[in-house]
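Residue-level structure breakdown
Listed here are the chains, written in short residue letters.
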Amino acid sequence: MHEWSLAEGVISTAISVAEENDAEELVQINIKIGKLQQVDREIFETALEETAEDTMAEDSEINMEEAEAILECRSCGEKWNYQDSKKELSEEEEESIHFLPDFAHNFVRCPSCESPDFEILEGRGVWLDSVELER
Amino acid sequence: MDPRIEVIGKRLRNIDTLVPVASGKGGVGKSLIASTMALIASERGKDVGLLDLDLHGPSSHVILGTEDLDFPEEDKGVVPPKVGDIKFMSTVYYSQDGPSPLRGSDISDSIKELLSITRWRDLDYLFVDMPPGVGNEVLDTINLVKDPRFMVITTPSDVALRTVEKLVSMLKELDVPISGVIENMRNENSPDIEEKVRKMGTNHLGTVWFDDEIEQAIGEPEKVLKSDFSKDLREIFENVDYLPSSK
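This section reports on the structure supplied with the text. (Residues numbered from 1 in each chain as written. Chains lettered and ligands numbered in written order. Predicted model: local features only at pLDDT ≥ 70, side-chain atom pairs only at ≥ 80, totals over all residues. Heavy atoms only, no water.)

One can find B:Glu74 in the loop between α3 (60–64) and β3 (82–83). Once the C-alpha coordinates of B:Glu74 and B:Arg119 are considered, the two residues, 45 residues apart in sequence, prove to be 9.4 Å apart. Among the polar contacts listed, one links the side chain of B:Glu74 to the side chain of A:His2, at a separation of 2.7 Å. (Helix = DSSP H or I, 4+ residues; strand = E, 2+ residues; numbered from the N terminus. Polar contact = N/O pair within 3.5 Å; in protein donor to acceptor, adjacent residues only side chain to side chain.)

Moving on to the pattern of salt bridges. Once their charged atoms are close, side chains differing in charge can pair, the charge on each being opposite to the other. Per the counting criterion, the structure on display carries 24 salt bridges over all chains. A:Glu45 is paired through a salt bridge with A:Arg41; the nearest N and O atoms lie 3.5 Å apart. Remark: A:Arg41 and A:Glu45 occur in helix α2 (residues 41–52); sequence separation between them is 4 residues, near one turn of the helix. Take A:Glu45: its relative accessible area is 36%, and that puts it in the partly exposed class. With a relative accessible area of 32%, A:Arg41 lands in the partly exposed category. Across the salt bridge formed by B:Lys223 and B:Glu220, the nearest N and O atoms sit 3.5 Å from each other. Taking relative accessible area as the criterion, B:Lys223 reaches 43% and is therefore assigned partly exposed. Accessibility expressed as a relative area gives 37% for B:Glu220, which makes it partly exposed. (Salt bridge = Lys/Arg side-chain N within 4 Å of Asp/Glu carboxyl O. Buried < 20%, exposed > 50% of the residue type's maximum accessible area, 1.4 Å probe, protein only.)

Turning to the packing of aromatic side chains, a few remarks are in order. The full count for this structure, using the stated rule, is 6 aromatic pairs over all chains. Pairing A:Trp80 with A:Phe118 gives two aromatic rings, centres 5.6 Å apart and planes at 70°, and the pair type is edge-to-face. Placement of the pair is A:Trp80 in strand β4 (residues 79–81) and A:Phe118 in strand β5 (residues 118–122), with a sequence separation of 38 residues. Ring centres 5.4 Å apart and planes at 40° place the aromatic pair A:Phe99 and B:Tyr94 in the tilted group. One end of the pair, A:Phe99, is in helix α4 (residues 91–99); the other, B:Tyr94, is in helix α4 (residues 92–95), on a second chain. A:Phe99 sits in the buried class, given a relative accessible area of 1%. Owing to a relative accessible area of 0%, B:Tyr94 belongs among the buried residues under this scheme. Put simply, the rings of A:Phe99, B:Phe71 and B:Tyr94 pair up and form one aromatic cluster. (Phe/Tyr/Trp six-rings, centres within 6.5 Å; stacked < 30°, edge-to-face > 60°.)

Before going further, it helps to spend a moment on the nonpolar core. Ranked by size, the top nonpolar core spans 81 residues in total, and within it B:Met37, B:Phe127, B:Met151 and B:Ile182 carry the most contacts. Looking at which element gives the most residues to this core, the answer is helix α2 (residues 30–43) of chain B, with 8 residues. The contact partners of B:Met37, leaving out residues within four places of it in the chain, are B:Val21, B:Phe127, B:Met151, B:Ile182, B:Leu233, B:Phe237 and B:Leu243. Among the nonpolar cores identified, the runner-up in size contains 22 residues, and A:Ile11, A:Ala14, A:Ile15 and A:Leu48 belong to it. (Core = buried A, V, L, I, M, F, W, Y, C linked by side-chain atoms within 4.5 Å. Contact = heavy atoms within 4.5 Å.)

Here we take up a negative patch on the surface. Residues and elements named next belong to chain A. Residues Glu24, Glu25, Glu49, Glu50, Glu53, Asp54, Glu58, Asp59, Glu61, Glu132 and Glu134 make up a contiguous surface patch of negative charge. If you list the elements that add at least two residues to the negative patch, you get α2 and β6 (126–134). Along the chain, glutamate 61 falls in strand β2 (residues 61–67). (Patch = residues over 30% accessible without salt bridge, like charges linked within 9 Å, V, L, I, M, F, W, Y side chains within 5 Å. Areas by Shrake-Rupley, 256 points an atom, 1.4 Å probe, with all protein chains shown as cover. Lys, Arg positive; Asp, Glu negative; His and termini not counted. Charge placed at Lys NZ, Arg CZ, Asp CG, Glu CD.)

Before going further, it helps to spend a moment on the interface of chain B and chain A. Contacts between the two partners involve 31 residues from chain B, matched on the other side by 32 residues from chain A. For the pair chain B and chain A, the summed buried surface comes to about 3,000 Å²; carbon and sulfur atoms form 59% of the total. For chain B, the biggest contributors to the area lost against chain A are B:Met1, B:Pro3 and B:Tyr94; these three give 23% of the whole. Counting across the chain B and chain A interface gives 5 salt bridges. Between A:Asp117 and B:Arg103 there is a salt bridge whose closest N-O contact spans 2.6 Å. (Buried area = accessible area lost by both parts, 1.4 Å probe.)

Looking now at the state of the cysteines. Residues and elements named next belong to chain A. Inspection of the entire model under this criterion finds 0 disulfides over all chains. As a non-bridged cysteine, cysteine 73 has cysteine 113 as the owner of its nearest cysteine sulfur, 3.6 Å distant. Since its relative accessible area comes to 4%, cysteine 73 is described here as buried. (Disulfide = S-S within 2.5 Å.)

Here we come to the sheet that holds β5(A). Residues and elements named next belong to chain A. The strand order across the open sheet formed by 3 strands is β4-β3-β5, and the pairing between neighbours is antiparallel. The open sheet is flanked by β4 and β5, the only strands paired with a single partner. Shown here is a sheet whose adjacent strand axes are inclined to one another by a mean of 30°, direction ignored. Pairing between strand β3 (residues 70–73) and β4: 3 bridges, direction antiparallel. Paired with leucine 71 across the two strands is tryptophan 80, which belongs to β4. (Pairing = 2+ DSSP bridges. Axes fitted to C-alpha atoms, helices over the stretch in contact; angles between N-to-C directions.)

Attention now moves to the sheet that holds strand β2 (residues 48–52) of chain B. Residue and element names in this part refer to chain B. Spatially, the 8 strands line up as an open sheet ordered β3-β4-β2-β5-β1-β6-β7-β8, and their pairing is mixed. A strand with exactly one partner marks an edge of an open sheet, and here the two such strands are β3 and β8 (204–209). Both β3 and strand β4 (residues 86–90) contribute to a ladder of 2 bridges, which runs antiparallel. The residue bridging valine 83 from the neighbouring strand is isoleucine 86, located in β4. Of the strands in this sheet, β1 (15–22), β2, β4, β5 (123–129), β6 (150–154) and β7 (178–186) are in contact with α2, which crosses β5 at around 165°. The sheet strands contacting helix α10 (residues 228–237) are β7 and β8, and the helix crosses β8 at an angle near 170°.

Here it is in structure tokens:
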């Protein structure tokens, strides 16, 4: 997902949670970022800031934690880090994965048996991990 | 919490009518019908989008003759490239037109991602070319999209009809609106299926006769619009109250 769509999703989901819980204040927003999506932190932070403007998330503290992308081959059981495969990819292939992370299956192969049939165990995309509210 | 779900609602909220074109069976002409419906609606002055959700076998770009498969332009999301006047989105822009060996959850994630990033803005119609069957793509469309109006495609063959019956039964069980069934590729020796369709509890919207010249029009929207295939579909437009009429 593009950083701006991602920021829009995070902020509006956090606000929805706050509203559902009748919160007065959205104190903290905790986000997990899977490395497969290759989010540009700088753009993402700007997008979060601008999207939060004039909303109840405007003054929220935003924390981000990055998670390694771990892949597991369904054919031979090999587990590996996406960063190891990244070196083999072209710029266009990386860009495709940035927009549609699951399309890693189109371009990444198991380093042991070269199968495209692998599972993304963790670190796929962006996740709103938790929010801290004040009533 | 998955942040994409909130965004999908926003991305689709300015679309007046969303029409998933589906079937229980492959090879019945879904893509050609979805693409041609988009072309006809666009020709009639409507703002139209076409979304190819057949992730394993995308083909709408072939029917529309899209040569340019470069990454779509970005503007706080992704702007669907225009083919003629139609806003067209497909995973081919990201697959480099290669095979996509995706399993169920990968498909669901890709659909969520595609719906989250695509900024359709205002549309009168979004036609969705669905893959065959009742798998992830159909279930996700039902779950993620508000008020889809399913158009179901069959051929007169019992082989297709029996799978269509299953799709219609599932959509009815889930209370999803079905516009009706379009009978495609009919020829003079085909059995009458109108009664069978009615027994499914839905409408037989009309017939598209087998057009042995349509293959020559693939990739050239102007020719598709002049075909007998398109002529039959225009008649079906008159039977569906939410589609733009010629009058």
